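If you want the building blocks of each chain, they are given just below.
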Amino acid sequence: MADDDHAPDEATRSRPLVTYVLPVYDEGEGIETFHAALVEATAARPDLDLEFCYVDDGSSDDSLERLLKLRGDDDRVTVLSFSRNFGHQIAVTAGMDAAGAADAVIVMDTDLQDPPQVSLQMLEMWEAGADVVFAQRRSRQDSRFKRATAWGFYWLLDRMADTEIPRNVGDFRLMDRKVVAAVSQYREQDRFLRGIVAHVGFRQEALLFDRDPRFAGETGYPLAKMIRFAASGIVGFSTAPLRWISRLGFAISAFSLLLAVYVLGVRLFRPEESVPGWAFLGVGMFLLSGLQLIMMGVIGTYLGRVYVEAKDRPLYALALTARGSRG
Ligand code: UDP
Ligand code: MG
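First, a word on what this report is: a plain description of the structure on this page. Computed from a predicted structure; not experimentally measured.

With respect to the overall build of the chain
Then step 1. When helices and strands are tallied, the chain shows ten helices and seven strands.
Then step 2. What you see for the chain is a C-alpha radius of gyration of 26 Å, clearly larger than the 20 Å of a compact globule of 327 residues, by over 25%.
Then step 3. By sequence separation, contacts in the chain at least 24 residues apart represent 81% of the contacts at least 6 residues apart.
Then step 4. With the model as given, the accessible surface of the chain reaches about 18000 Å², and the carbon-plus-sulfur share is 59%.
Then step 5. Computing the positive centroid from 36 side-chain charges and the negative centroid from 45, the chain places the two 8 Å apart.

Structural notes on empty space enclosed by the protein
Then step 1. Throughout the structure, instances matching the rule amount to two cavities of 30 Å³ or more.
Then step 2. The calculated volume of the second largest cavity comes to roughly 30 Å³.
Then step 3. E27, G30, F34, T110, D111, L112, F215 and A216 are the residues that line the second largest cavity.
Then step 4. Residue composition of the lining of the second largest cavity, by class: four nonpolar, two polar and two charged.

Here we look at a negative patch on the surface
Then step 1. Where like charges cluster on the molecular surface, the negative patch consists of E29, D61, E65 and E218.
Then step 2. Relative to the helices and strands, E65 resides in helix α2 (residues 63-73).

Here's the deal with the site of ligand 1
Then step 1. D57, D111, Q113, T219 and G220 are the nearest of the 19 residues found near ligand 1.
Then step 2. E27 places a polar side-chain atom, nitrogen or oxygen, 2.7 Å from an oxygen atom of ligand 1.
Then step 3. When ligand 1 is considered free in solution it has 520 Å² of accessible area, and contact with the protein chains removes 95% of it.
Then step 4. When atoms are counted within 2 Å of each cavity's grid points, the one that captures over half of ligand 1 is the largest pocket.
Then step 5. Among the residues forming the shell around ligand 1, the class breakdown is four nonpolar, seven polar and eight charged.

Examining unusual backbone geometry
Then step 1. At L112, a residue that is not glycine, the phi angle is positive and equals roughly 65°.
Then step 2. With respect to the helices and strands, the residue L112 is situated in the loop between β4 (104-107) and α4 (116-127).

Quick word on the coordination of the magnesium ion (ligand 2)
Then step 1. Around the magnesium ion (ligand 2), the donor atoms from the protein are D111 (OD) and Q113 (OE1), and they sit 1.9 to 2.0 Å away.
Then step 2. Of the residues examined, Q113 reaches a relative accessible area of 9% and is grouped as buried.

Section: the nonpolar core
Then step 1. Of all hydrophobic cores here, the largest spans 35 residues; its most connected members are V105, L157, M175 and V183.
Then step 2. One finds F34, L70, L112 and L120 within the second-largest nonpolar core, a separate group that totals 32 residues.

Focus: the pattern of salt bridges
Then step 1. According to the stated counting rule, one finds 18 salt bridges in the structure shown.
Then step 2. Here K178 and D131 are joined by a salt bridge, their closest N and O atoms 3.5 Å apart. Separated by 47 residues along the polypeptide, K178 in helix α6 (residues 177-184) and D131 in the loop between α4 and β5 (132-140) bring together distant segments of the chain.
Then step 3. In this structure, a network of salt bridges that share partners links the residues E32, D62 and R66.

Examining α2
Then step 1. Restricting attention to buried positions, one finds in α2 the residues S63, L67 and L70. With its buried residues spanning 55° around the axis, α2 presents them on a single face. In this structure, α2 carries E65, K69 and G72 as exposed residues pointing more than 90 degrees from its buried face.

Analysis parameters
Counting from 1, residues in each chain are numbered in the order their sequence is written. For this description, chains carry letters from A and ligands carry numbers from 1, given in the order in which they are written. pLDDT decides what is reported in this predicted model: residues at 70 or higher carry local features, side-chain atom pairs at 80 or more are listed and counted, and totals for whole chains, interfaces and linings draw on all residues regardless. To get the side-chain values, all heavy atoms of the structure are used, and hydrogens and water are removed first. Put simply, DSSP marks the helices as runs of H or I at least four residues long and the strands as runs of E at least two long, and each gets a number from the N terminus on. The globule rule used for comparison is 2.2 Å times the number of residues to the exponent 0.38, while the radius of gyration itself is calculated over C-alpha atoms. Residues count as neighbours in contact if any of their non-hydrogen atoms are within 4.5 Å of one another. Surface exposure here means Shrake-Rupley accessible area, sampled with a 1.4 Å probe, where a residue is shielded only by the protein chains that are shown. Only four residue types enter the tally: Lys and Arg on the positive side, Asp and Glu on the negative side; His and the chain ends are excluded. Taken as the charge centre is NZ of Lys, CZ of Arg, CG of Asp or CD of Glu, depending on the residue. Put plainly, a pocket is an open set of points on a 1 Å grid over the protein atoms alone with protein on both sides within 12 Å along at least five of seven lines, a cavity is a set where a 1.4 Å probe fits but cannot get out, and a lining residue has an atom within 4 Å of a point. Grid points are joined across faces, edges and corners, and a volume is the space filled by probe spheres set on the points. Classification convention: Asp, Glu, Lys, Arg as charged; Ala, Val, Leu, Ile, Met, Phe, Trp, Tyr, Cys, Pro as nonpolar; all other residues, Gly among them, as polar. A patch is a set of surface residues, each over 30% in relative accessible area and not in a salt bridge, joined within 9 Å for like charges and within 5 Å for the nonpolar side chains Val, Leu, Ile, Met, Phe, Trp and Tyr. Between Lys or Arg on one side and Asp or Glu on the other, a salt bridge is scored when a side-chain nitrogen of the former is within 4 Å of a carboxyl oxygen of the latter. Residue proximity to a molecule or strand is established when one non-hydrogen atom of the residue lies within 4 Å of it. Contacts described as polar in this section are N or O atom pairs within 3.5 Å, which, within protein, must combine one atom able to donate a hydrogen with one able to accept it, while residues neighboring in sequence count only if both atoms come from side chains. A molecule is said to be in a cavity or pocket once over half of its atoms fall within 2 Å of that pocket's grid points. For Na, K and Ca the donor cut-off is 3.2 Å; for every other metal, N, O and S atoms count as donors within 2.8 Å. Water does not enter the count, which can leave sites looking incomplete. Accessible area is worked out with a 1.4 Å probe on protein chains only. A residue is then buried under 20% of its type maximum, exposed over 50%, and partly exposed in between. By nonpolar core is meant a set of buried Ala, Val, Leu, Ile, Met, Phe, Trp, Tyr and Cys residues that side-chain atoms within 4.5 Å join together. Relevant arc is that of directions from the helix axis to the C-beta atoms, nothing else.

Structure follows, in structure tokens:
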């Protein structure tokens, strides 16, 4: 890991290398327009070496052929192609794995929802010392339904996740090489990259932008996929749902106690209204289910620990080591 600041390795390369990681799933219709827009925007930075790393996530249209054609016309293009659709987060991970030589990596969508122009501002913030620059949506042109569900998701995530994950942030971000190295150590299957990036720390800065509507094609995130993704965000960064089982158990047990007091009251003060056997059944039912939930919560607590250990995340990410002369 580089312990100097953002300067590239002088001996091997004089210009910084910036790799764009670009996941593609059925974007055939708009991919050339996207690439042209990206090339045009980045032409403003002739001082940088650029690599455009497209990851074809098992597209079923002609995206791959078109990407290979782009590769033929522009030697800065790299194309990776998955054997099937593994999902956006895995595609981004593969691109980051392939970008080992880059001084910075920029991840962006290939449907022109993330304006290439914004990535230039990210580069400036990186040069000014930021390790992560994440694009935060000031506005978005999505449907009302998508906006409402996104809001609900971030609300829930805020309340449950142990790591603070910024709101309205997608995967459009720049990462310095040391952040890429740190994130690459997280090998969990169910990946929620924006959570992992929040988890590694370093100097992170937000950049506000207006999200454009999709240029062509359809969203690769239909509702079912979005719900699964939201669930992996919450479950991947929190074991709170498991702890809630015992809380519910305690609440139900407490209710059975109140019920017992009530039953006793009826028995003592209005014996003519009390039904034989009712107290035993009613109180017993709540008490037993409450106890069962508490015990499930105990199991859940252990399970949560097993889960955290099984994820086998790195314990820390070092930002700097300054050894003494004997180190
Ligand atoms: N994508 C992908 N694999 C998938 C779904 C999407 O690589 O299974 C890519 C897609 O090509 C795009 C980015 O991920 O570049 C974001 O997807 P999309 O625009 O469909 O999501 P939305 O913007 O609607 O949330
Ligand atoms: Mg999109």
